[in-house]
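# Structural overview for review
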Amino acid sequence: MQYRVLEKLGYKISALSFGAMRLPTSFALAVDKKKAVATIRKAVELGINYFDTAYIYHLGASEKVLGEALGNGVRKNVYIADKLPMILMRKTEDFDRFLETQLERLGTDYIDFYLFHNLNQGYFDKLLALGLFEKMEQAKKRGLIRHIGFSFHDTLPVFKKIVDAYPWDLAQIQYNYLDTAMQATTEGLHYAAKKKIPVAVMEGLKGGMLADPPKEAKDIMRSAASKKTPVEWAFQFLWNLPEVATVLSGMGSPAMVEENCGYAERSGVGILSGSDMETIEKLVSTYRKKILVDCTACRYCMPCPYGVNIPDNFAMLNNANGRGGIIGWLLLRRYKKFAVRPDKVNKEDPDGAASLCTKCGVCVKKCPQSINIPEELTRVDMVMGRGKRISDVFQR
Ligand code: SF4
Ligand code: SF4
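Quick caveat, the model's predicted, so the values are computed rather than measured. (Residues numbered from 1 in each chain as written. Chains lettered and ligands numbered in written order. Predicted model: local features only at pLDDT ≥ 70, side-chain atom pairs only at ≥ 80, totals over all residues. Heavy atoms only, no water.)

Below, the discussion takes up the site of ligand 2. Near ligand 2 you find 14 residues, and of these Cys295, Cys298, Arg299, Cys301 and Cys367 are the closest. Ranked by the residues each element gives to the shell around ligand 2, the list is headed by helix H12 (residues 310-320), at three residues. (Near = heavy atom within 4 Å. Helix = DSSP H or I, 4+ residues; strand = E, 2+ residues; numbered from the N terminus.)

See the structure below:
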């Protein structure tokens, strides 16, 4: 494993870190505990020393499973990042309740990096109004947390404002070769680095989209001078940058951990050649033509009270874009398997089609990508459900 030194703290953090937002699941999306524990332990064995979770991931099961996997003395050798659920904060005192629950779930006395989860302008205003910097400082004095940071989903001006507001020990941003101009952007990454704030990168594969490229992107990778899998292209792009402290990856099996650790092992700042960067530029323009809805499948918008499977509807549309022939037909057939009547929706694992959206708006504020979900679902229904042409529905 390659390690990167956090200049400000003197810590050595693995270039690849473990994101526990998408643990392996079994029936009804419950965490497959046995497999998840085995996956996390494989990560420890191969040198990963930074583990990221949050109060809301898997409805609390992420913290519990992580705590269990890091038992038997392992915990003291690794760093844990956990997050205060800003979406659930109503009053200042909620801070103590959440932190206490999180320490208990994790089975630990302290959290290394405690982050305000999903800061945007609205949640930053809430943080100030509830006096949460003071609560963080108190928890730090009591030894319950060691460092204070934030994860971020908003625009560059908001990112700069938040960076300037506090002497942070960590910022977690969404970044990948497609999103260099989105959210914190490349400029924000440099801005944080200039202030010596270590940056952990999430969504390096854009919700899995970069791991499963369309045929045109695969052709570009095949003809590149340097042979890499789609996942490796995405990760090496990030590790190439000196401003990136670590790259989070939600790994679903020990085999995936092994594979990703192999990529991390041959990573390094500045190792991509000019020809590699040209390949990435070609990939960016190919993907840009394919993506109709910028959903990262984070599932923060779920559940929908009417049973719409929001991320799967968007994924289906993005996959279908530009695919004709048998593959296009197969995708349409798969789309027809979504439930189109409320009484037919699978209650355990909602599988409702876009047409079931009532435009209630419950999901909209939860989306870190600021997607107008009801509007985009209407378009999904027009294309996938009613056979309209993409070019007529999406003016790009
Ligand atoms: S707006 Fe549509 S998709 Fe969103 S929660 Fe309401 S019904 Fe569900
Ligand atoms: S629509 Fe937004 S919140 Fe829902 S899965 Fe996609 S990116 Fe996440």
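Anyway, onward from the coordinates.
Let us look at the domain arrangement of the chain. The domain boundaries assigned to the chain delineate domain 1 (3-290) and domain 2 (310-393). For domain 1 and domain 2, the distance between their C-alpha centres works out to 28 Å. Across the interface of domain 1 and domain 2, roughly 900 Å² is buried in total on both sides, 39% from carbon and sulfur atoms. Joining domain 1 to domain 2, the criterion identifies three residue pairs in polar contact (both at pLDDT 80 or more). Its residues assigned to classes, the side of domain 1 that touches domain 2 comprises six nonpolar, four polar and two charged. (Domains from an automatic or database assignment. Buried area = accessible area lost by both parts, 1.4 Å probe. Polar contact = N/O pair within 3.5 Å; in protein donor to acceptor, adjacent residues only side chain to side chain. Nonpolar A, V, L, I, M, F, W, Y, C, P; charged D, E, K, R; others polar.)

Turning our attention to the pattern of salt bridges. Tallying each qualifying case throughout the model produces 24 salt bridges. The partner of Arg75 in a salt bridge is Asp112, with the nearest N and O atoms 2.7 Å apart. Taken as a pair, Arg75 in the loop between helix H2 (61-69) and strand S5 (79-84) and Asp112 in strand S6 (residues 111-119) lie far apart in primary sequence, 37 residues in all. Look at Arg75 and you get buried, because its relative accessible area is 10%. One salt-bridge network, held together by shared partners, links Lys42, Glu45 and Glu258. (Salt bridge = Lys/Arg side-chain N within 4 Å of Asp/Glu carboxyl O. Buried < 20%, exposed > 50% of the residue type's maximum accessible area, 1.4 Å probe, protein only.)

With respect to burial, S6 is a largely interior element, nine of its nine residues being buried. In this sheet, S6 lies alongside S5 in parallel orientation, the contact comprising four bridges. Paired with Asp82 across the strands is Tyr114, a residue of S6. A crossover links S5 with its parallel partner S6, the connecting element being helix H3 (residues 94-106), and its sense is right-handed. Where S6 and strand S7 (residues 145-152) come together, six bridges link them in parallel fashion. The partner of Phe116 across the bridge, within S7, is Phe150. (Pairing = 2+ DSSP bridges. Right-handed = clockwise from strand over helix to strand, strands pointing away.)

Turning to the site of ligand 1, a few remarks are in order. In the vicinity of ligand 1 there are 13 residues, among which Cys304, Cys357, Cys360, Gly361 and Cys363 approach most closely. Among the residues making up the shell around ligand 1, the classes are represented as ten nonpolar, two polar and one charged.

Running from N to C, H3 and helix H5 (residues 132-141) cross one another at 40°; their axes reach a closest spacing of 10 Å. What the angle tells us is that H3 and H5 run oblique. Two packed elements cross with a definite hand, and for H3 against H5 that hand is right-handed. Of the residues in H5, those touching H3 at Phe95, Asp96 and Leu99 are Leu132, Lys135, Met136 and Ala139. For the contact of H3 with H5, the per-class residue count stands at five nonpolar, no polar and two charged. (Axes fitted to C-alpha atoms, helices over the stretch in contact; angles between N-to-C directions. Parallel < 35°, antiparallel > 145°, perpendicular 65-115°, else oblique. Left-handed = near helix turned anticlockwise from the far one by under 90°. Contact = heavy atoms within 4.5 Å.)

On to the environment of Met209. Within the secondary structure, Met209 sits in the loop between strand S9 (199-202) and helix H8 (215-223). Classification of Met209 as buried rests on a relative accessible area of 16%. Here the alpha-carbon distance between Met209 and Lys126, two residues 83 residues apart in the chain, equals 32 Å.

A word on the nonpolar core. Among the nonpolar cores identified, the biggest contains 89 residues, and Phe18, Phe116, Leu119, Phe150, Trp168 and Tyr177 are the most heavily contacted of them. Counting residues per element, this core draws most heavily on helix H9 (residues 230-239), which supplies seven residues. With residues up to four places along the chain from it excluded, the contact list for Phe18 reads Leu23, Thr39, Ile40, Ala43, Ile48, Tyr50, Phe51, Asp52, Leu248, Ser249, Met251 and Val257. One finds Cys304, Phe314, Met316 and Phe338 within the second-largest nonpolar core, a separate group that totals 31 residues. (Core = buried A, V, L, I, M, F, W, Y, C linked by side-chain atoms within 4.5 Å.)

Among all positions in H8, only Ala217, Ile220 and Met221 are buried. Seen end-on, H8 carries its buried residues on one side only, within an arc spanning 95°. Facing away from the buried side of H8 by more than 90 degrees, the exposed set consists of Lys215, Arg222 and Ser223. Lining the buried residues of H8 we find H9 and helix H11 (274-290). (Arc of directions from axis to C-beta.)

Put simply, Met302 and Pro303 share a cis peptide bond, and its omega is 0°. Structurally, Pro303 can be placed in the loop between H11 and H12. Positive phi values are uncommon outside glycine, yet Glu203 reaches one of about 60°. Looking at the element boundaries, Glu203 is found in the loop between S9 and H8. What makes Glu203 buried here is its relative accessible area of 10%. Its identity is not glycine, yet Ser370 carries a phi of approximately 55°, on the positive side. You can see Ser370 is positioned in the loop between helix H13 (325-335) and helix H14 (373-385).

On to the packing of aromatic side chains, then. According to the stated counting rule, one finds 21 aromatic pairs in the structure shown. With a centroid separation of 4.6 Å and an interplanar angle of 20°, the aromatic rings of Tyr11 and Tyr79 are classed as stacked. Linking Tyr11 in strand S2 (residues 11-14) with Tyr79 in strand S5, this pair joins segments that are 68 residues apart in sequence. Side by side, Tyr11 and Tyr79 carry an identical accessibility label, which is buried. With 4.9 Å between their ring centres and 70° between their planes, Phe152 and Phe159 make a pair best called edge-to-face. Each member of the pair, Phe152 together with Phe159, is buried. Feature note: the residues Phe116, Phe133, Phe150, Phe152, Phe159, Tyr166 and Trp168 constitute an aromatic cluster, connected by ring pairs. Lying over the aromatic face of Tyr191, Lys160 brings its terminal NZ or CZ to 5.2 Å of the ring centre. Positioned above the aromatic ring of Trp233 is the side chain of Lys228, whose terminal nitrogen or guanidinium carbon lies 4.7 Å from the ring centre. (Phe/Tyr/Trp six-rings, centres within 6.5 Å; stacked < 30°, edge-to-face > 60°. Lys NZ or Arg CZ within 6 Å of the ring centre and 35° of its normal.)

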